[in-house]
Amino acid sequence: MTSTLLYTILSLSLLGGLLAVVLYLIAQKFKVQEDPRIDQVLEALPGANCGGCGYAGCRAFAESYVNNPEMTDFFCPVGGNDVMKNVAMVLGREVKEQVPRLAVLRCNGSCDVRPRLNVYDGSMSCAVAADLYGGETGCSYGCLGLGDCVTACTFDAIHMNPQTCLPEISEDTCTSCGACVKACPRNILELRPKGPKNRRIYIACASKDKGAVTRKVCTVGCIGCQKCVKECPFEAISFADNLAYIDPSKCRLCRKCTAVCPTGCILEINFPPKKSSD
Amino acid sequence: MSKTFSIGGIHPNDRKFSRDHPIEEFPIPKRVFLSMNQHLGMPAVPVVQKGDMVKVGQLIAEPAGFVSAPIHASVSGTVSDVALYPDFLGKKVLTVVIDTSGDDWLESIDRSSEIKHEITDTPQEIFKKISEAGIVGLGGAAFPTHVKLTPLEGMKAEYLILNGAECEPYLTSDYRLMIEHGQEILIGGELMRRVLGDVRGIIGIEENKPRAIELMRKHAAHFLQWEVVPLKKRYPQGGEKQLIDAVLGRKVPSFSLPVSTGAVVQNVGTAYAVYEAVQKNKPLISNVLTVTSSDPSIQRNYHFRTGTPVREFLNAAGAPEQDGTLRFAKVVNGGPMMGKAVANLDGAVMKSTSGLLLLTEKETKRQEPGECIRCSKCFQACPMRLQPYLLYQLALAGRTEALEEHRVFDCIECGCCLYSCPAHLPLLDQIRLARNVSLKNKRKK
Amino acid sequence: MDKLLISPAPHLHSKDSTRRIMRDVIIALMPAVLVSVYFAGLSALLVIVVSVTGCVLVEHLIVRYLMKKKSTVHDLSAVVTGLILALNLPVSSPWWMVLTGCVAAIGIAKMTFGGLGHNLFNPALVARVFLLISFPVQMTNWSVSNSIFRPDRWELPKGLLGAQGQLLDAASGATPLGIIKEGLANGLTMETLSQQHDLSYWHMLFGHIDGSLGEASVLAILLGLAYLLLRKVIKPLIPLSVLVTVAVFAGILWLTDPSMNADPLFHLLTGGLLLGAVFMATDYTTSPMSPLGMLIFGVGIGVVTMIIRIWGAYPEGVSFAILFMNALVPLLNKIKPFPYQKEVSRG
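Residues numbered from 1 in each chain as written. Chains lettered and ligands numbered in written order. Predicted model: local features only at pLDDT ≥ 70, side-chain atom pairs only at ≥ 80, totals over all residues.

> I'd love a proper account of the overall build of chain C, names of residues and values included.
Looking only at helices and strands, one finds 15 helices and 3 strands in chain C. Restricting to contacts in chain C with at least 6 residues of sequence separation, those with at least 24 account for 75%. (Helix = DSSP H or I, 4+ residues; strand = E, 2+ residues; numbered from the N terminus. Contact = placed C-beta atoms within 7 Å.)

> Go over the sheet that holds strand β14 (residues 299-305) of chain B, please, and point to the residues and values.
Residues and elements named next belong to chain B. Pairing within the open sheet is mixed, and its 6 strands lie in the order β1-β14-β13-β17-β15-β16. Taken across any chain shown, the strands that pair with only one partner, and hence form the sheet edges, are β1 (23-25) and β16 (340-341). With 3 bridges joining them, strand β13 (residues 286-292) and strand β17 (residues 355-359) adopt parallel strand pairing. Paired with T290 across the two strands is G355, which belongs to β17. (Pairing = 2+ DSSP bridges.)

> Explain the confidence of the model for chain C to me, and be specific about the residues and the numbers.
Atom-level detail of predicted coordinates should not be read off regions where pLDDT is low. Residues and elements named next belong to chain C. Of all residues in chain C, 84% have pLDDT values of 70 or greater, and the mean over the chain is 83. Taken element by element, chain C is modelled with least confidence in strand β3 (residues 172-173), mean pLDDT 50, and with most confidence in helix α3 (residues 77-87), mean pLDDT 95. The low-confidence segment residues 144-172, where pLDDT is below 50, has 42 contacts with residues more than four positions distant or belonging to other chains. Counting contacts from residues 343-347, a segment whose pLDDT is below 50, to residues more than four positions away or on other chains yields 6 contacts. Scoring of the predicted complex yields 0.87 for pTM and 0.86 for ipTM. (pLDDT = per-residue confidence, 0-100.)

> How would you summarise the interface of chain B and chain C if you had to cite specific residues and measurements?
How big an interface is tends to be stated in terms of the accessible area lost upon association of its parts. Contacts between the two partners involve 51 residues from chain B and, on the opposite side, 33 residues from chain C. Secondary structure elements with two or more residues in the side of chain B that touches chain C: β15 (330-333), β16, α8 (361-364), α12 (416-420) and α13 (427-444) of chain B. Class assignment of the residues belonging to the side of chain B that touches chain C gives a composition of 26 nonpolar, 13 polar and 12 charged. (Nonpolar A, V, L, I, M, F, W, Y, C, P; charged D, E, K, R; others polar.)

> Describe in detail the interface of chain A and chain B, supporting the description with residues and values.
Counting residues at the interface gives 11 residues for chain A, matched by 13 residues for chain B. Per-element tally for the side of chain A that touches chain B: the top contributor is helix α5 (residues 126-132) of chain A, with 3 residues. Class assignment for the residues of the side of chain A that touches chain B results in 3 nonpolar, 6 polar and 2 charged.

> Now, about the domain arrangement of chain B: what can you tell me, with residues and values included?
Residue and element names in this part refer to chain B. In terms of domain boundaries, chain B breaks down into domain 1 (23-100), domain 2 (117-280), domain 3 (286-364) and domain 4 (377-444). Listed as interface residues are 5 residues of domain 2 and, on the opposing side, 7 residues of domain 4. Classifying every residue of the side of domain 2 that touches domain 4 by side-chain character gives 1 nonpolar, 3 polar and 1 charged. (Domains from an automatic or database assignment.)

> Could you give an account of the sheet that holds strand β8 (residues 92-100) of chain B, with specific residues and numbers?
Residues and elements named next belong to chain B. The strand order across the open sheet built from 4 strands is β2-β8-β7-β4, with neighbouring strands paired in antiparallel fashion. Only two strands of the sheet have a single partner each, and these edge strands are β2 (31-35) and β4 (53-54). Of the strand pairs in this sheet, strand β7 (residues 77-86) and β8 are connected by 9 bridges, and their pairing is antiparallel. Bridged to V82 within β8 is V96.

So, in structure tokens, the structure goes:
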């Protein structure tokens, strides 16, 4: 009885010891030398692995950041300037500061202003629907409303609003990683600066149809009248393919364009209500 | 012993309700919408302008390259617009709109119904006439016919297979054409055979069309190089790769053209169009389509002019009720397995339209998708031996490399997987998307 | 003009559905269920009823209140699991043991993995093995059903109602495989064993062999198999490869020494091999999807079953073999099907 016990203990200990040595040797042989600063950079990053920076996850970003000192256009959109300052501190580098941005939907064609002409019955995916046909409404540029952006968002910042049939982007949680922009087959999501005091103006339409066609299918579409282009004192509004576009870097938020737009497709966000005397 | 292809396939109920209805001439519409995108490849370039007067058969758009096809006026009248119009899918395409006045044909077109047996043209002349007539594959894919008849370096055609399988349920236009114009089809086939060189001609017809087999055999007896091969009823027998496998027992490799196996496949409708183009000088401006449904009063075959709006067919067939509502939930342009759902009834039918199918909600509405139970029915049904359940998951996860490793590009979009899935998963929806991305990547390389 | 439906092709769908498949499996199980009720009476019926209601209830509760989703019991998969579990239990199983089995099957083996289509192991078999290890006495207490005309057949069994220990008046017996295993281990030969015990194939085919409910009649299982094949629910590859492997394995041993080994037919007809091969090895979710994978899977089950039967501690090994091969299914699913056509060299 005792001898059995003894043998068991001995043989198992021996086996354990032997394997430990083997493990140690293998670990030594295949040890990977890595710059310790990569881990430090990684620590400073948010760790969301969203890919918004253009790299496949935070680690890839950290590696590239450490290994390419000559490159300057590194920016983590999720962490923003604060995180980038910390990251730069690890290596003692400069940061190119960027204005905080967020995703906006360049379509305001909710259910009631853009009547449905047919009913989609396929796979619930914008990509599939866009590949197949012109969309449930007459507008072949607007939001399909099947939620590919909602699925793409890893930050739970986009939700479909059942009342409007459009996705809504939360200002607080959107990190401007750009996953939704890539996911949208209609290319109507755009990353725009949040603006001072979160105030911003943009044209919520992407229709390149002629005015008459747009007007027929949607009451809040850009009809290409160019009134806003003429009104803008800063030449911030460009016009191409029957569609006006506000350049956020030139826009001074004077709100003159919103006043002249006949369809109200220029949206102003977070402004105090205009005085009635205006 | 009838032949069939070796892998996968399904047996849907064939529902060829309109098989005994002779082809009727469809009235010329008041206005036609001729899309510049009626074929695979580059869209054609319009050569007419707003206000121009055109005759039937007159060239209105030139091909934009080799893989493209010209388009001809299908009615006579005034060009009222050349602009972007939504097609039947609701997508905007460059369209020539013609307001009809009268029925004034080009003098060069022989409009007599007399069959011209004698072939006087040389193969070069035949080829030129085919490409100038704007003939495209009328089996559905609308691939320009002259491209298929062009020899490729290192590949020699040995067989010309005329596709009379018509494996899609409901459709009967090819069947009616074989019954009513069998001789013309064979002459058209003979013309293409001469273009390809001295190849053997085979007509493949499914067993559920015994009269067509019998008739075509009778006609083929007058030609030396032609034979009729009966095929078992099975979908997708009419797929190019499946038909070659069924008739010759040869399989087309990935990324290869069917001609690499020595076979060129043409639809019987295409053969008829070739006959008209070469023997009668008539470009492709009309075709035969089936308007059908499970309602016995709406089961017809029409000979129509291209560019006729879909709505006109529905009105003529008596589909809408007195108050204008449609009691059908879906209109399909083409067959039920591969056709496209019509989103815009004002969109027009095209050169290659072979049917307008009216389906009720009960027949076509998709069921709520459940969970994959790994029954592998999709794998058993896939004629290309793909693993649809796996491709579906990979497509959802966006794993492009893994998708290519599992040959997503081999998918022929036949729909067998989605048809047979007991969990009602939208397998093909996602796979088709992934396949298109994969093919795009491949072309870039 | 109402709105038109739009969807990508195809626009038709076969009548097949998950529910329809499950309904076919239930119909295929009916002969086995009826035979077991016929031979073992009300007690068998009670085991079946408790098992099926238990499984359905557990799934409903978990989906509805734990996962907070729409209940999935309408797909009938829980009913199938319940039926198969019942057929894997002895007639004398007490109700609390059956219920424990239901919780193990649905709660542990199915829902923890994500429900229908996601489970790695066959739920009913997990439950059976769980019970076999937890309650070895109750699980091997095969009541003897020697005579069709047993008078107590329609009396309520005490065991099921919770009486402990002694189960039935009838003497409890061992399964044929148990008899052979113990006998051979004690140095007896096949010849003497078959003289001492009634090991008639006739009885195995039509009924009254001691064992779990589903082992009652091989003929009933074969009827079920025929129905499943007719309805194209399963392909014959898996059951066939299991049975052929077992027959070949047993045949080789039998030819080497007929006195110390049972013949192939004996191995085919006993120990729930058919029940396992037809209803449990063919479970869609836990079996491979490619033909080659199915073949390897079937052969594997056959080999492991025979290894356990002949050299293992348990007299019978079908459940262990299937569970073992279930674990290999994800690996077998990696096998790529033969390509449609390789690139041909042009020359």
